[in-house]
Amino acid sequence: MIRTDGRSQTQLRPLRLTVDYLDYAEGSVIIEAGRTRVLCAATVEEKVPPFLEGSGRGWVTAEYSMLPRATLTRTPREREGRLSGRTQEIQRLIGRSLRAAVDLEALGTRTLILDCDVLQADGGTRTAAITGAFVALYRACSRLVERGLLPAHPVRTAVAAVSVGVVEGEPLLDLCYEEDARAEVDFNVVMTAHGDFVEVQGTGEGGVFSRTRLDELLSLAQEGISQLLAFQQPYLR
């Protein structure tokens, strides 16, 4: 099939990272995946949530939001305490994914907060947020090491994420919005640089899928994530 933007079935969208975009955040990245753009900012707080007090462990969490005109028509701005179920689910996914990358004991009694703000949405905002936020997190931790606040880097593995799906019977990597809206099967996959899965979110949007198809999609996602992990490498310092 001919894809909307002319890519092959197994091709990622054009990817771009701009690091240190913000002057004040401990780490910041704008990630562009095709026409999707997400600003990821890392903040370090020298405290932990109440449930971790006295444990000697740190914490990594995330918040996600979409600017009103990130989409074709204006989306009302969400207020704190009145987040949609979708927003809550996405930011929990981002937080879980990033915690898988960090040794929380080595982080010490501090919290890393990753704010992921969608500037423009064209599908794959949550996967782009994970891939970009990891780079922001890594660079924030590097600054803690440089300042002598950590004896060693607490990141134990890289993490990246991508979407895969089935459109008109064909498996596709890294769906844009138009493809995602037509997908019969839709997956978001998060993996580490060690080849382990952090999370697999999959559903039959307009049909069902076999075990064979499942394995095919996971293999396609793994190929895409290996490329994303390689793309991250030059920015991990």
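Residues numbered from 1 in each chain as written. Predicted model: local features only at pLDDT ≥ 70, side-chain atom pairs only at ≥ 80, totals over all residues. Heavy atoms only, no water.

Structural notes on the pairing of strand E7 (residues 170-173)
In step 1: Note that strand E6 (residues 159-167) and E7 share four bridges and pair antiparallel. Its bridge partner lying in E7, valine 164 is registered against leucine 173.
In step 2: Counted along the chain from E6 to the antiparallel partner E7, the turn is two residues long, and its residue glutamate 168 has a positive phi close to 55°. (Pairing = 2+ DSSP bridges. Helix = DSSP H or I, 4+ residues; strand = E, 2+ residues; numbered from the N terminus.)

Describing the packing of aromatic side chains
In step 1: According to the stated counting rule, one finds four aromatic pairs in the structure shown.
In step 2: Judged by centre distance (5.2 Å) and plane angle (90°), the ring pair of phenylalanine 51 and tryptophan 59 falls under edge-to-face.
In step 3: Ring centres of phenylalanine 134 and tyrosine 138 lie 6.2 Å apart, and the angle between their planes is 55°; on these two criteria the pair is classed as tilted. Of this pair, phenylalanine 134 and tyrosine 138 both sit in helix H3 (residues 125-146), four residues apart, roughly one helical turn. The same class applies to phenylalanine 134 and to tyrosine 138, which are both buried. (Phe/Tyr/Trp six-rings, centres within 6.5 Å; stacked < 30°, edge-to-face > 60°. Buried < 20%, exposed > 50% of the residue type's maximum accessible area, 1.4 Å probe, protein only.)

Description of the sheet that holds E7
In step 1: The strand order E7-E6-E8-E9 describes an open sheet built from four strands, whose pairing is antiparallel. In this open sheet, the two edge strands, each paired with only one partner strand, are E7 and strand E9 (197-204). Going from strand to strand, the sheet's axes swing by 15° on average, the running direction of each strand aside.
In step 2: Here eight bridges tie E6 to strand E8 (residues 185-192), and the two strands are oriented antiparallel to one another. Bridge pairing in E8 links valine 166 to valine 185. (Axes fitted to C-alpha atoms, helices over the stretch in contact; angles between N-to-C directions.)

Description of the side chain of arginine 126
In step 1: Tracing the sequence through the fold places arginine 126 in helix H3.
In step 2: The buried category is assigned to arginine 126, whose relative accessible area is 15%.
In step 3: In contact with arginine 126, other than residues within four places in its own chain, are Arg86, Glu89, Ile90, Leu93, Ile94, Asn188 and Gln201. (Contact = heavy atoms within 4.5 Å.)

Some words on the UniProt feature "binding site: phosphate" (unreviewed entry) in the protein
In step 1: Mapped onto the present numbering, the UniProt feature "binding site: phosphate" (unreviewed entry) falls on Arg86, Gly124, Thr125 and Arg126. A maximum C-alpha distance of 13.6 Å is found for the annotated residues, which run over 41 residues; spatially they form one tight group.
In step 2: In this structure, arginine 86 sits in helix H1 (residues 85-99).
In step 3: Here arginine 86 is in contact with Tyr64, Met66, Thr125 and Arg126, once residues within four sequence places are set aside.
In step 4: Side chain to side chain, arginine 126 and glutamate 89 meet in a polar contact 3.0 Å long. (UniProt positions renumbered as here; feature names shortened; annotations may be inferred. Polar contact = N/O pair within 3.5 Å; in protein donor to acceptor, adjacent residues only side chain to side chain.)

Some remarks on H1
Each α-helix turn comprises 3.6 residues. Residues three or four places apart therefore point the same way.
In step 1: Its 15 residues give H1 an end-to-end C-alpha distance of 21 Å, which sits within 8% of 21 Å, the value for a rise of 1.5 Å per residue.
In step 2: By the burial criterion, the buried members of H1 are Thr87, Ile90, Gln91, Leu93, Ile94, Gly95, Ser97 and Leu98.
In step 3: Among the structural elements, strand E4 (59-66), strand E5 (111-120), H3, E6, E8 and E9 are those in contact with the buried residues of H1. (Expected span 1.5 Å × (residues − 1).)

Focus on the sheet that holds E4
In step 1: What the five strands build is an open sheet, ordered E1-E2-E3-E5-E4; its pairing is mixed. The open sheet has two edge strands, strand E1 (15-19) and E4, and neither has a second partner. Averaged over neighbouring strand pairs, the angle between their axes works out to 20° when direction is ignored.
In step 2: Where strand E3 (residues 36-45) meets E5, nine bridges bridge the pair, whose relative direction is antiparallel. Note that in E5 the partner of threonine 43 across the bridge is isoleucine 113.
In step 3: Along the sheet, H1 contacts E4 and E5; its crossing angle with E4, the most-contacted strand, is approximately 145°.

Remarks on the pattern of salt bridges
In step 1: Scanning the entire structure with this criterion turns up 17 salt bridges.
In step 2: A salt bridge links arginine 35 to aspartate 122, with the nearest nitrogen and oxygen atoms 3.5 Å apart. Highlighted residues: arginine 35 in the loop between strand E2 (27-33) and E3 and aspartate 122 in the loop between E5 and H3, separated in sequence by 87 residues.
In step 3: Take arginine 35: its relative accessible area is 55%, and that puts it in the exposed class.
In step 4: For aspartate 122, a relative accessible area of 11% puts it in the buried group.
In step 5: Among the salt bridges present, the one from arginine 110 reaches glutamate 46, with a minimum N-O distance of 3.1 Å. Here the residue arginine 110 occupies a position in the loop between helix H2 (104-107) and E5, and glutamate 46 occupies one in the loop between E3 and E4, the gap between them amounting to 64 residues.
In step 6: The exposed category is assigned to glutamate 46, whose relative accessible area is 52%. (Salt bridge = Lys/Arg side-chain N within 4 Å of Asp/Glu carboxyl O.)

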